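Structural description and commentary
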Amino acid sequence: MKTLSDPLKAAPPSGAQAQRIHAERFTVLTPDPLPLREHLFDDRADLAVALAEAVAADLRAAIARRGHARLAVSGGTTPRAFLIELSKQTLDWAHVTVVPVDDRWVAPDHPRSNERLLRETLFQGDATQAQLLPLRRPTETPESALLPVLTQVANEALPLDVVVLGMGEDGHVASLFPDLQRRDIGLQPTGRAPVLAVRSASAPEPRITLTLSAIFTAPSLYLHIEGAKKRGVLDGAACDPRSKLPIRSVLSGAPVVPMLFWSP
Ligand SMILES: O=C1O[C@H](COP(=O)(O)O)[C@@H](O)[C@H](O)[C@H]1O
């Protein structure tokens with residue numbers, strides 16, 4: 001892994017930010033030229049605040065540019081603190097649409113529901129004025145709801161302004177798992193359906209997910225990854241051109257330089 005330049009030397013962050021950011025650097029992950037803008041933190045709580053501030057700044061810029069902002073956020077366990085911090089950010093929430101990058105096909109009050117996570121964390125205070133666009137519908141299977149979900153996402157969520165992607169220890173992003181059947185739809189960078197129904201041996205329930213064609217419509221792409229094990233998976237996929245992991249498809253196909261927010 002080669003560090004091209006050190007933005008801390010070029011443009012040191014000021015004030016409170018300078019104390020929080022452990023390191024910020026621009027990296028090229030070899031042997032491929034896979035650029036990554038890294039924001040490294042000692043502390044996960046500090047990461048959550050800094051990521052919330054960065055995403056809020058992007059949302060404000062999108063609202064200023066065209067009157068509305070569209071945000072896609074990941075579920076699972078990692079983003080809870082970040083989503084709570086984001087809910088506290090001052091911005092015109094009435095002009096923000098939020099869509100989960102994926103969801104589990106469970107009831108919206110189920111502990112594993114990503115929609116529930118969003119309602120419990122982000123949709124608090126002023127942020128309740130935002131529009132939530134759930135991916136799950138009250139049908140038995142994701143396949144039977146695919147067309148209406150796909151139509152609504154295409155009409156109301158795309159193009160996205162900001163995406164925050166988590167990653168599983170198996171290298172999956174959103175619900176794009178390593179054993180994905182329809183890689184031709186889910187992992188293609190452009191020109192495919194924005195939404196896909198997924199069944200995976202690694203997931204206890206059916207899923208619905210945005211595809212990379214949808215995720216890559218955003219000019220701001222954050223990777224929110226915590227822990228040494230995930231960092232190893234990320235670096236391994238980045239440095240192996242033969243890797244079939246979905247995170248590899250993100251790093252190699254993204255039309256913008258992803259911003260990694262990482263903490264041990
Ligand atoms: O299943 C999922 O997993 C990933 C990673 O979750 P985490 O619990 O390891 O943070 C998540 O990004 C995705 O949205 C979720 O549905």
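Here the structure is a predicted model, which is why all the values come from computation and not from measurement.

Turning our attention to the confidence of the model for the chain. Of the residues in the chain, 91% have a pLDDT of 70 or more, and the chain-wide mean is 91. Put simply, helix H1 (residues 7-10) is where the chain has its lowest mean pLDDT, 33, and strand S4 (residues 69-73) is where it has its highest, 99. Between residues 1-19, whose pLDDT stays under 50, and residues either more than four places distant or in other chains, the model counts 21 contacts. Both confidence scores are given for the complex: pTM 0.92, ipTM 0.99.

Near the ligand you find Ser74, Gly75, Gly76, Thr77, Thr78, Val101, Asp102, Asn114, Gly166, Gly168, Ala174 and Ser175, and these make up its full shell. In terms of residue class, the shell around the ligand is built from 2 nonpolar, 9 polar and 1 charged.

For helix H10 (residues 246-253), a buried count of 6 out of 8 residues is recorded, marking the element as mostly surrounded by other parts of the structure. Where H10 is buried, its residues meet strand S3 (34-40), strand S8 (162-165), helix H8 (212-215) and helix H9 (228-239).

Below, the discussion takes up the environment of Val163. Tracing the backbone through its elements, the reader meets Val163 in strand S8. When residues no more than four places from it in sequence are discounted, the contact partners of Val163 are Ala72, Val101, Ile215, Ala218, Leu221 and Tyr222.

A few words on H9. Here H9 contains 12 residues, and its C-alpha end-to-end distance of 16 Å stays within 8% of the 16 Å for a straight helix at 1.5 Å per residue. Along H9, the residues classified as buried are Lys230, Val233, Leu234, Ala237 and Ala238. One face of H9 carries all of its buried residues, which in axial projection span an arc of 125°. Within H9, the exposed residues directed more than 90 degrees away from the buried face are Ala228, Lys229 and Gly232.

The strand order across the open sheet formed by 3 strands is S6-S10-S9, and the pairing between neighbours is antiparallel. Looking along the sheet, the strands with just one partner apiece sit at the ends: strand S6 (102-104) and strand S9 (195-198). Sheet twist, expressed as the average angle between the axes of neighbouring strands with direction ignored, equals 15°. Direction of pairing for S6 relative to strand S10 (residues 207-210): antiparallel, over a ladder of 3 bridges. Paired with Asp102 across the two strands is Thr209, which belongs to S10.

A few words now on unusual backbone geometry. The omega torsion across Leu158 and Pro159 is -5°, close enough to zero to call that bond cis. Residue placement: Pro159 occurs in the loop between helix H6 (142-156) and S8. In the Ramachandran plot, Ala174 falls in the positive-phi region, its phi being about 45° despite a non-glycine side chain. Among the secondary structure elements, Ala174 is positioned in the loop between S8 and helix H7 (183-186).

Packing of H9 against H10 leaves a shortest axis separation of 9 Å and a crossing angle of 60°. Taken together, the axis directions place H9 and H10 in an arrangement best described as oblique. Classified by chirality, the crossing of H10 by H9 is right-handed. Here Leu234, Ala237 and Ala238 of H9 lie close against H10, whose contacting residues are Ile247, Arg248 and Leu251.

Reading the values: the criteria
- Residues numbered from 1 in each chain as written.
- Predicted model: local features only at pLDDT ≥ 70, side-chain atom pairs only at ≥ 80, totals over all residues.
- pLDDT = per-residue confidence, 0-100.
- Helix = DSSP H or I, 4+ residues; strand = E, 2+ residues; numbered from the N terminus.
- Contact = placed C-beta atoms within 7 Å.
- Near = placed C-beta within 6 Å.
- Nonpolar A, V, L, I, M, F, W, Y, C, P; charged D, E, K, R; others polar.
- Buried ≥ 20, exposed ≤ 12 C-beta atoms within 10 Å, placed from the backbone.
- Expected span 1.5 Å × (residues − 1).
- Arc of directions from axis to C-beta.
- Pairing = 2+ DSSP bridges.
- Axes fitted to C-alpha atoms, helices over the stretch in contact; angles between N-to-C directions.
- Parallel < 35°, antiparallel > 145°, perpendicular 65-115°, else oblique.
- Left-handed = near helix turned anticlockwise from the far one by under 90°.

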